[in-house]
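Topology and contacts: notes
Listed below, chain by chain, are the residues.
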Amino acid sequence: MDELKKIVEVIRENESFFITSHIRPDGDSIGSQLALKRILEKLGKEVTIANHDPAPKTYDFLSGRESIKQELPKNREFDVAFVLDSPELSRLGSTKETIKKAKVIINIDHHLGNKKFGKYNYVNTKASAVGEEIYELTKVIGFKIDREIALCLYVGILTDTGSFRQSNTTSRSHEIVADLMKIGDLKPAQITHQVYETQLPSAIKLLSMTLDTLERSEDGQIAWMTITDEMFKETGTTKAETENFINYVRSVKGSEVAILFTELAKDEVKVSFRSKSSADVNRIAKTFGGGGHLRASACTIKGDLEEVKEKVLAEVEKQLR
Ligand SMILES: [Mn+2]
């Protein structure tokens with residue numbers, strides 16, 4: 001809480017703010033950035049958001065979505081840079097340079113092993129989403145959340161908890177969500193529809209092809225699926241449309257570790273991990289230079305798809321034993 005008080009002081013004392021988040025932004029990074037932007041603007045501040053990659057189309061219904069930039073004027077200097085949902089600066093891609101030029105860096109995150117790269121670091125690994133942390137920040141400011149902010153924070157928490165199904169979901173998550181629902185008169189069924197039930201047929205085609213690749217280890221403890229670059233091309237889809245695919249692997253009976261291999265480009269593979277109850281997938285991802293949370297993590301590995309799969313599966317087998 002002390003760190004939050006200092007962050008509030010920095011907000012009060014400065015004028016221009018930059019907000020960014022990790023490459024390939026998700027519902028939590030987009031929702032928490034848009035919420036924070038609106039909060040700061042209502043406090044009379046000047047705010048710019050930019051991310052390395054575009055926001056997934058799914059989140060087009062969030063207010064302020066069109067203000068997210070991908071490029072910034074060179075040499076633009078801000079008083080304060082907020083980095084949300086990112087355990088280290090190397091996860092930011094092209095916005096890293098702008099961050100480094102800011103007078104003060106504030107790091108708000110919930111990942112294990114966060115590098116505390118900010119002057120101020122509010123890192124709560126028990127928070128299910130940065131959305132929760134931004135909510136806590138409004139409490140310390142004494143800021144009254146409006147409907148738009150409530151919706152953004154709700155979407156962040158909804159998506160980062162896998163619709164409140166994952167083990168990071170706490171009683172605090174539900175308390176916050178209940179409050180957001182009241183403030184914004186939010187309708188969960190309608191939001192769920194907007195986030196999960198507006199898939200293009202091409203994305204469903206990709207899902208169908210991906211499901212077809214399901215494999216399991218002999219004892220059934222490890223299950224995995226694979227998306228190749230070819231499959232993206234054939235269906236005319238992008239990585240942004242695969243956010244939920246890992247949950248299908250996770251749902252296989254008897255599997256403790258679920259893995260999704262996604263070929264991003266030639267010789268570059270994103271590997272996403274989920275675990276159900278005992279395996280520490282943060283540690284597994286860390287072995288390959290990635291990280292995340294105890295039950296959800298990811299890494300990007302250079303190399304041929306088949307080689308990467310072999311290496312990763314061998315490592316998971318080893319760590320499960
Ligand atoms: Mn997050």
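Numbering of residues starts from 1 in each chain and follows the order in which that chain's sequence is written. Side-chain atom pairs in this predicted model are given and counted only at pLDDT of 80 or more, local residue features only at pLDDT of at least 70, and totals for whole chains, interfaces and linings cover all residues. Hydrogens and waters are ignored; side-chain quantities use all the structure's heavy atoms.

For the rest of this paragraph, the subject is the environment of His-174. Along the chain, His-174 falls in helix α6 (residues 171–184). Contact criterion: two residues are considered in contact whenever any of their non-hydrogen atoms come within 4.5 Å of each other. Not counting residues up to four positions away in its chain, the partners in contact with His-174 are Phe-164 and Thr-169. Numbering of helices and strands runs from the N terminus; a helix is a DSSP stretch of H or I covering at least four residues, while a strand is a stretch of E covering at least two.

Note on terminology: a nonpolar core comprises buried Ala, Val, Leu, Ile, Met, Phe, Trp, Tyr and Cys residues joined through side-chain atoms within 4.5 Å. Burial classes follow relative accessibility: with a 1.4 Å probe on protein chains only, a residue under 20% of its type's maximum area counts as buried, one over 50% as exposed, and anything between as partly exposed. Core analysis: the biggest nonpolar cluster contains 51 residues, and Ile-7, Phe-82, Ile-106, Ile-134 and Leu-180 have the highest contact counts within it. Excluding residues within four positions of it along the chain, Ile-7 makes contact with Phe-82, Ile-106, Tyr-120, Tyr-122 and Leu-137. Counting residues in hydrophobic clusters, the runner-up holds 20 residues, among them Trp-224, Phe-288, Val-312 and Leu-313.

Turning our attention to a negative patch on the surface. On the surface, Asp-267, Asp-304, Glu-307 and Glu-310 cluster together to form a negatively charged patch. Tracing the backbone shows Asp-267 in the loop between β8 (257–265) and β9 (268–275). Patch membership is restricted to residues that have no salt bridge and whose relative accessible area is over 30%. Joining uses 9 Å for like charges and 5 Å for the nonpolar side chains Val, Leu, Ile, Met, Phe, Trp and Tyr. Here, Shrake-Rupley sampling with a 1.4 Å probe gives the accessible areas, and only protein chains in the shown set may cover a residue. Salt-bridge detection follows one rule: a side-chain nitrogen of Lys or Arg within 4 Å of a carboxyl oxygen of Asp or Glu. Under the counting rule used here, the positive set is Lys and Arg, the negative set is Asp and Glu, and His together with the chain ends is not counted. A single reference atom marks each charge: NZ on Lys, CZ on Arg, CG on Asp, CD on Glu.

Here the focus is the sheet that holds strand β11 (residues 296–302). Strand order in the open sheet formed by 6 strands is β6-β7-β8-β9-β11-β10, with mixed pairing between adjacent strands. Each having just a single partner strand, β6 (215–216) and β10 (291–292) make up the two edges of the open sheet. The pairing criterion is simple: DSSP has to find at least two bridges between the two strands. Both strand β7 (residues 222–227) and β8 contribute to a ladder of 6 bridges, which runs parallel. Across the sheet, residue Ile-227 finds its bridge partner in β8, namely Thr-262. Along the sheet face, helix α12 (residues 305–320) touches β6, β7, β8, β9 and β11 and points at about 155 degrees away from the line of β8. All axes are obtained by fitting lines to C-alpha atoms, using only the stretch in contact for helices, and the reported angles, taken between N-to-C directions, cover 0 to 180 degrees.

What follows is about the domain arrangement of the protein chain. Either an automatic procedure or a domain database provided the assignment from which the domain bounds are taken. Structurally, the protein chain comprises domain 1 (2–195) and domain 2 (201–320). The partner domain 2 presents 14 residues to the 12 residues of domain 1 that form the contact. Between domain 1 and domain 2 lies a buried interface of about 1000 Å² when both sides are counted; carbon and sulfur atoms form 46% of it. Applying the counting rule to domain 1 against domain 2 returns 0 salt bridges. Contacts described as polar in this section are N or O atom pairs within 3.5 Å, which, within protein, must combine one atom able to donate a hydrogen with one able to accept it, while residues neighboring in sequence count only if both atoms come from side chains. In this assembly, domain 1 and domain 2 are joined by 4 residue pairs in polar contact (both at pLDDT 80 or more). Of the residues assigned to the side of domain 1 that touches domain 2, the class counts are 3 nonpolar, 6 polar and 3 charged. Note: buried area is the sum, over both parts, of the accessible area (probe 1.4 Å) each one loses when the two are combined. Only Asp, Glu, Lys and Arg are considered charged in this grouping, and only Ala, Val, Leu, Ile, Met, Phe, Trp, Tyr, Cys and Pro are considered nonpolar; every other residue, Gly among them, is considered polar.

Protein ligation of the manganese ion involves Asp-28 (OD), Asp-85 (OD), His-110 (NE2) and Asp-160 (OD), the donor distances falling in the range 2.2 to 2.4 Å. Donor residues for the manganese ion, ordered by position in the chain, follow D-x56-D-x24-H-x49-D. One end of the pair, Asp-28, is in helix α2 (residues 27–42); the other, Asp-160, is in helix α5 (residues 147–160), with 132 residues separating them in the sequence. Here the two residues Asp-28 and Asp-160 agree in accessibility, since each one is buried. Atoms of type N, O and S within 2.8 Å of a metal are treated as its donors, and for Na, K and Ca the window is 3.2 Å; water is not considered, so some sites may appear to be missing partners.

Two elements in contact, α5 and α6, have axes whose closest approach is 9 Å; the angle formed by their N-to-C orientations is 150 degrees. Taken together, the axis directions place α5 and α6 in an arrangement best described as roughly antiparallel. Relative to α6, α5 is oriented so that their crossing is left-handed. Residues Arg-147, Ala-150, Leu-153, Tyr-154 and Ile-157 of α5 form the contact with α6, whose own contacting residues are Ser-173, Ile-176, Val-177, Leu-180, Met-181, Ile-183 and Gly-184. Split by residue class, the contact of α5 with α6 holds 9 nonpolar, 2 polar and 1 charged. In what follows, roughly perpendicular refers to angles from 65 to 115 degrees, roughly parallel to angles under 35, roughly antiparallel to angles over 145, and oblique to any angle outside these ranges. Handedness of a crossing follows from how the near helix is turned relative to the far one, being left-handed for an anticlockwise turn of less than a right angle and right-handed for a clockwise one.

Turning our attention to the packing of aromatic side chains. Note on ring pairs: Phe, Tyr and Trp rings are taken, using the six-membered ring of Trp, and paired if centres are within 6.5 Å. Classes follow the plane angle, with under 30 degrees stacked, over 60 edge-to-face and the rest tilted. Applying the stated criterion to the full structure yields 3 aromatic pairs. On the numbers, 6.2 Å between centres and 25 degrees between planes, the contact of Phe-17 with Phe-82 is stacked. Residue Phe-17 is located in strand β1 (residues 16–21), and its partner Phe-82 is located in strand β3 (residues 80–84); the two are separated by 65 residues in the primary sequence. Phe-82 sits in the buried class, given a relative accessible area of 0%. Ring geometry for Tyr-154 and Phe-164: centres 6.3 Å apart, planes at 65 degrees, overall edge-to-face. Here Tyr-154 is found in helix α5, whereas its partner Phe-164 is found in the loop between α5 and α6, with 10 residues between them in sequence. Under the relative-accessibility criterion, Phe-164 is labelled partly exposed at 22%.

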